[in-house]
Amino acid sequence: MPPDARRPAGALESEILRVLVAASEPLTPRDVQDRLAAPLSYSTVVTILTRMHEKGRAARFRDGRSFRYAPLTDEASVAAERMSAALGAGTDRATVLRRFVAGLAPGDEELLRRLLEPGGDQ
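I will try to describe carefully the structure that is included in this document. Every value quoted in this text rests on a predicted model; they were computed, and no experiment measured them. Here the residue numbers are simple positions, counted from 1 along each chain's written sequence. Where local features are concerned, this predicted model is filtered to residues with pLDDT of at least 70; where side-chain atom pairs are given and counted, the filter is 80 or more; whole-chain, interface and lining totals use all residues. With hydrogens and water excluded, all non-hydrogen atoms of the structure serve as input to the side-chain values.

1. Overview of the packing of helix α4 (residues 75–89) against helix α5 (residues 93–102)
The convention used is that axes are lines fitted to C-alpha atoms, helices contributing only their stretch in contact, and that angles between N-to-C directions extend from 0 to 180 degrees. Labels follow the DSSP assignment, with helices taken as runs of H or I lasting at least four residues and strands as runs of E lasting at least two, numbered in each case from the N terminus. Between α4 and α5, whose axes approach to 8 Å, the crossing angle comes to 130 degrees. Compared by their axis directions, α4 and α5 come out oblique. Residues Met 83, Leu 87 and Gly 88 of α4 lie in contact with α5, whose contacting residues are Arg 93, Val 96, Leu 97 and Phe 100. Among the residues making up the contact of α4 with α5, the classes are represented as 5 nonpolar, 1 polar and 1 charged. Orientation is classified from the angle alone, with under 35 degrees giving roughly parallel, over 145 giving roughly antiparallel, 65 to 115 giving roughly perpendicular, and any other angle giving oblique. Contact between two residues is taken to exist if any of their heavy atoms lie within 4.5 Å; hydrogens are not considered. Basically, the charged four are Asp, Glu, Lys and Arg, the nonpolar ten are Ala, Val, Leu, Ile, Met, Phe, Trp, Tyr, Cys and Pro, and anything else, Gly included, counts as polar.

2. Considering the layout of surface pockets
Any empty space left between the atoms is revealed when a probe the size of a water molecule rolls over them. In this analysis a 1.4 Å probe is tested at points of a 1 Å grid over the protein atoms alone, and where it fits but cannot get out there is a cavity; an open set with protein on both sides within 12 Å along at least five of seven lines is a pocket; lining residues have an atom within 4 Å of a point. Grid points are joined across faces, edges and corners, and a volume is the space filled by probe spheres set on the points. Size it by volume and the largest pocket reaches roughly 430 Å³. Around the largest pocket sit 15 residues that line it, and Met 83, Ser 84, Leu 87, Leu 97 and Phe 100 are the ones nearest its centre. Sorting elements by how many residues they give to the lining of the largest pocket places α4 first, with 7 residues. Class assignment for the residues of the lining of the largest pocket results in 13 nonpolar, 1 polar and 1 charged.

3. Quick notes on the pattern of salt bridges
For side chains bearing opposite charge, pairing can occur when the charged atoms are close. Salt bridge criterion: a side-chain nitrogen from Lys or Arg within 4 Å of a carboxyl oxygen from Asp or Glu. One pass over the full model with this rule turns up 6 salt bridges. The shortest N-O distance in the salt bridge between Asp 31 and Arg 68 comes to 3.4 Å. Pair noted here: Asp 31 is in helix α2 (residues 29–35) and Arg 68 is in strand β2 (residues 66–71), with a separation of 37 residues, a long-range link. Two residues, Asp 63 and Arg 68, come together in a salt bridge whose shortest N-O distance is 2.7 Å. The cut-offs for exposure are 20% and 50% of the maximum accessible area for each residue type, with area from a 1.4 Å probe on protein chains only; residues under the lower value are buried, those over the upper are exposed, and the others partly exposed. Given a relative accessible area of 26%, Arg 68 falls into the partly exposed group.

4. Describing the side chain of Ser 14
Inspection of the secondary structure assignment puts Ser 14 in helix α1 (residues 11–22). Overall, the relative accessible area of 16% leaves Ser 14 in the buried class. Those residues in contact with Ser 14 that lie beyond four places of it in its chain are Glu 75 and Arg 82.

5. Brief notes about the nonpolar core
Ile 16, Leu 20, Val 32, Leu 36, Val 45, Leu 49 and Met 52 are the most contacted members of the largest nonpolar core, which totals 17 residues. Elements that contribute at least two residues to this core include exactly α1 and α3 (42–54). Looking at this core element by element, the count peaks at 5 residues for α1. Beyond its immediate sequence surroundings of up to four residues, Met 52 is in contact with Glu 13, Ile 16, Leu 17, Leu 20, Arg 57 and Ala 58. Only buried residues count toward a nonpolar core, which is a set of Ala, Val, Leu, Ile, Met, Phe, Trp, Tyr and Cys residues joined through side-chain atoms within 4.5 Å.

Dropping the structure here:
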């Protein structure tokens, strides 16, 4: 990514959440930093983990003078929360939903139809 390019909102949290979900045990901020695909400063990792803990997305356990973190959610749940918040921010829910559906990738509209049917989430 070019130095002046900004990441999309929530991108760093999503990356860190992926690392936590993939781990078999709670991780220290240093563990998380070492497992990230793109380098981040230690202080940035700590800040994001702290915010995730405050939002209820990560559990925090004392480990000596540091903390270990474990996921309390997954990426799909976080994405669904964001979608609900975006829908709630509109004044005309029907128009927002209509435009959302119109912008779906091929096949996603049919998937959405199946999910809306009784028992569709099975």
